[in-house]
Amino acid sequence: MSLDGGQKASKEVRRVTKYLKMCARVRFYTYFCSIIQFMATLYLVPTPVGNMEDITARALRILREADLILAEDTRTSGNLLRHFGIRNAMLSYHKFNEHQSVAAMVERLKAGETIAVITDAGTPGISDPGFLLVREAVREGVEVITLPGATAFVPALVSSGLPCDKFVFEGFLPQKKGRMTRLRELQSEPRTMILYESPHRVVKLLEQMGEVFGMDRPLSACREISKMYEQSVRGTVGEVLAHFQSEEPRGEFVIVVGGNPVVAAEAENEEKKTSVNGRCTQDSAPRLSKYQRKQLNQEEI
């Protein structure tokens, strides 16, 4: 082989070697990114709505192990973490900055960090910040895990004495514009309804409910859930309104109100008719004798 031929072969070997190294780097980078993406997790961690004993052991572990904690109020959450001896990085994440913070938090998740979101009380995303970050994390393929735990409306609903097999969660109604419009839309709702309200607006809400739903609609007003002075006032809208007109409302409220009884009765009758018609259709179907079934099976074979 000539010298020129040897040089050409050597260049070709170097070119192929360089190409193979580049392919190896690309494969490694892709694999590394997939591992990082797999490790990254967004946790939504419920915190007690009043009683510190309601937090779970799993929630405490996640708060200790997370790379970052996003807190609705760092002062309130700081008290919680200090109570359980947890020291971890924490950033403020609330309704006034969540739109600006989401992109940066998603980038940290994509880089492999584990982030835990907590609010002042209850489960993130339920009338509290959390939804926007969850939505973007899901879009980017980041794993999202919500821990079961404390929330205000479930105990209020279950202890209300109203039907809880089907219900509608409304959260906070608009404070001013659209408030009565939304109540009128709910007037014909057959299912039990759940609303949140602050103590200084609860009497006004009950007055508006009486105007739209009627004063005889069954209702339960639950306040200070899981705290020392927890209380549920049950009765009609008019009775509960009279109670809080004579006694000053205190604490955050969960209002559980019964659905429209007329619409609910109509829906129940319709379900019964559908069920009866289904049974009649089934019963009216031709029944085959043992011999006919045997003949049919032989024909299929």
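Please refer to the structure placed before this passage.
Residues numbered from 1 in each chain as written. Predicted model: local features only at pLDDT ≥ 70, side-chain atom pairs only at ≥ 80, totals over all residues. Heavy atoms only, no water.

Asker: Any chance you could explain the overall build of the protein chain here in plain terms?
Answerer: When you go through the protein chain residue by residue, the secondary structure sums to 11 helices and 10 strands. Evaluated residue by residue, the protein chain yields a buried proportion of 37% over its 301 residues. Long-range contacts, defined here as pairs at least 24 residues apart, represent 72% of the contacts in the protein chain between residues at least 6 apart. If you sum the accessible surface of the protein chain, you get close to 18600 Å²; carbon and sulfur atoms cover 55% of it. (Helix = DSSP H or I, 4+ residues; strand = E, 2+ residues; numbered from the N terminus. Buried < 20%, exposed > 50% of the residue type's maximum accessible area, 1.4 Å probe, protein only. Contact = heavy atoms within 4.5 Å. Areas by Shrake-Rupley, 256 points an atom, 1.4 Å probe, with all protein chains shown as cover.)

Asker: Explain the packing of aromatic side chains to me, please; I cannot follow it from the model alone.
Answerer: Any pair of aromatic rings gets described here by the distance separating the centres and the angle formed by the planes. If you walk through the whole model with that rule in mind, you get 5 aromatic pairs. Site record: aromatic cluster; members linked through ring pairs are Phe153, Phe167, Phe169, Phe172 and Tyr196. Across the ring face of phenylalanine 213, the terminal group of arginine 217 is positioned such that the distance to the ring centre comes to 4.7 Å. (Phe/Tyr/Trp six-rings, centres within 6.5 Å; stacked < 30°, edge-to-face > 60°. Lys NZ or Arg CZ within 6 Å of the ring centre and 35° of its normal.)

Asker: Before we go on, may I ask you to explain the nonpolar core in this structure?
Answerer: What tends to happen in soluble globular proteins is that the nonpolar side chains get buried as a cluster. Among the nonpolar cores identified, the biggest contains 23 residues, and Met209, Phe213, Leu219 and Ile255 are the most heavily contacted of them. Going through the elements one at a time, helix 7 (179-186), strand 7 (192-197), helix 8 (202-213), strand 8 (218-223), helix 9 (237-246) and strand 10 (253-257) are the ones with two or more residues in this core. For this core, the leading source of residues is helix 8, giving 6 residues. In this structure, methionine 209 is in contact with Leu183, Leu195, Gly214, Leu219, Val237, Ile255 and Val257, ignoring residues within four places of it in sequence. (Core = buried A, V, L, I, M, F, W, Y, C linked by side-chain atoms within 4.5 Å.)

Asker: Explain unusual backbone geometry here, please?
Answerer: With the exception of glycine, the majority of residues adopt a negative phi angle, and the majority of peptide bonds are in the trans configuration. Located in the positive-phi region is serine 127, a residue other than glycine, with phi close to 55°. Position of serine 127 among the secondary structure elements: in the loop between strand 4 (114-118) and helix 5 (131-139). For serine 127, a relative accessible area of 34% corresponds to the partly exposed category. Not every positive phi belongs to a glycine, and serine 226 is a case in point at roughly 70°. With respect to the secondary-structure elements, serine 226 resides in the loop between strand 8 and strand 9 (231-236).

Don't take any of this as a statement about function, it's just geometry.
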